[in-house]
Amino acid sequence: MTDSLVQWMTAALGGRVPGELIIFLISLLPLLELRGGLLAASPALLNVPILRAIPICIIGNLLPVPFILLLIERILLWMEHVPGLGRIARWIRNRADKNKGQIETYGFWGLALFVGIPLPGTGAWTGALVASLLHMKLRKSFPAILLGIAIATVIMSVLSYGLLAALFG
């Protein structure tokens, strides 16, 4: 699914806006995040040089994290009292509950690995959501998420620029 969304976004925006803006926007989005940004930046799609793509994708992926950590609990509480939004709030809480076991058990390292291993349903958005709902302190959760993003950057750079470049280069 991630690949399809990335390909659709690069096709829809490619030629209209700079590749750097496309990878920034993809990196901002939940589900796609840094993984999608680096896939889009790869030689197979937008061919943004890796040393330019990495900081753009990291910044794009990291930008929403402090807002999620600081505000999501209040937003969800508000949504629960608004007709039509309560169901969405419950869905978000259920999604976070499904992923909290590893983070709850291993704390900082569990959160870092959860964010860092690029699998569907993991990443900085979900990690920040779970950390917030588990009431992890900002000074513990933010560095763990930052470390997770660094891990994901290494993994996705190798996949996007190493393997994909070898296949399509």
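One can find the structure itself at the top, above this paragraph.
Residues numbered from 1 in each chain as written. Predicted model: local features only at pLDDT ≥ 70, side-chain atom pairs only at ≥ 80, totals over all residues. Heavy atoms only, no water.

S.K.: Tell me about the pattern of salt bridges, and please be specific about residues and values.
M.R.: Under the defined criterion, the tally for this structure stands at 4 salt bridges. Residues R93 and E80 are paired through a salt bridge, measuring 2.6 Å at the closest nitrogen-oxygen approach. Residue R93 is located in helix 6 (residues 86–116), and its partner E80 is located in helix 5 (residues 65–80); the two are separated by 13 residues in the primary sequence. Of the residues examined, E80 reaches a relative accessible area of 30% and is grouped as partly exposed. Here K100 ties to D97 by a salt bridge, and the two come within 3.9 Å at their closest N and O atoms. Taken as a pair, K100 and D97 lie in helix 6 at a separation of 3 residues, close to a single helical turn. (Salt bridge = Lys/Arg side-chain N within 4 Å of Asp/Glu carboxyl O. Helix = DSSP H or I, 4+ residues; strand = E, 2+ residues; numbered from the N terminus. Buried < 20%, exposed > 50% of the residue type's maximum accessible area, 1.4 Å probe, protein only.)

S.K.: Please give an account of the environment of A128 that cites residues and values.
M.R.: Position of A128 relative to the elements: it lies in helix 7 (residues 124–133). Judged by its relative accessible area of 0%, A128 falls in the buried class. Considered as a pair, A128 and A11 are 117 residues apart in the sequence and their alpha carbons are 30 Å apart. Excluding its chain neighbours within four sequence positions, the residues that come into contact with A128 are V65, I68, L69 and I145. (Contact = heavy atoms within 4.5 Å.)

S.K.: Describe unusual backbone geometry, with residues and values.
M.R.: Phi at L31 takes a positive value of approximately 80°, unusual for a residue other than glycine. If you trace the backbone, L31 turns up in the loop between helix 2 (19–28) and helix 3 (33–41). Classification of L31 by relative accessible area gives partly exposed; the value is 41%. Here the phi dihedral of H135 falls at roughly 60°; this positive angle occurs in a residue that is not glycine. Mapping H135 onto the fold places it in the loop between helix 7 and helix 8 (138–168).

S.K.: Report on the packing of aromatic side chains, specifying residues and quantitative values.
M.R.: In total, this model carries 1 aromatic pair according to the counting rule given. Ring geometry for F108 against W109: centres 5.0 Å apart, planes inclined by 85°, an arrangement best described as edge-to-face. We classify F108 as partly exposed; its relative accessible area is 22%. On the basis of relative accessible area, W109 is assigned to the exposed category, the value being 55%. (Phe/Tyr/Trp six-rings, centres within 6.5 Å; stacked < 30°, edge-to-face > 60°.)

S.K.: Mind laying out the packing of helix 6 against helix 7, listing which residues take part and the relevant values?
M.R.: The relative placement of two packed helices comes down to the angle between their axes together with the axis-to-axis distance. Direction vectors running N to C along helix 6 and helix 7 enclose 95°, while the axes themselves pass 7 Å from each other. Put simply, helix 6 runs roughly perpendicular to helix 7. When helix 6 is examined against helix 7, the residues I92, R93, R95, A96, N99, K100, I103, L111, F114 and V115 are found in contact with a partner set consisting of A124, T126, G127, L129, V130, A131 and L133. Split into classes, the residues belonging to the contact of helix 6 with helix 7 amount to 11 nonpolar, 3 polar and 3 charged. (Axes fitted to C-alpha atoms, helices over the stretch in contact; angles between N-to-C directions. Parallel < 35°, antiparallel > 145°, perpendicular 65-115°, else oblique. Nonpolar A, V, L, I, M, F, W, Y, C, P; charged D, E, K, R; others polar.)

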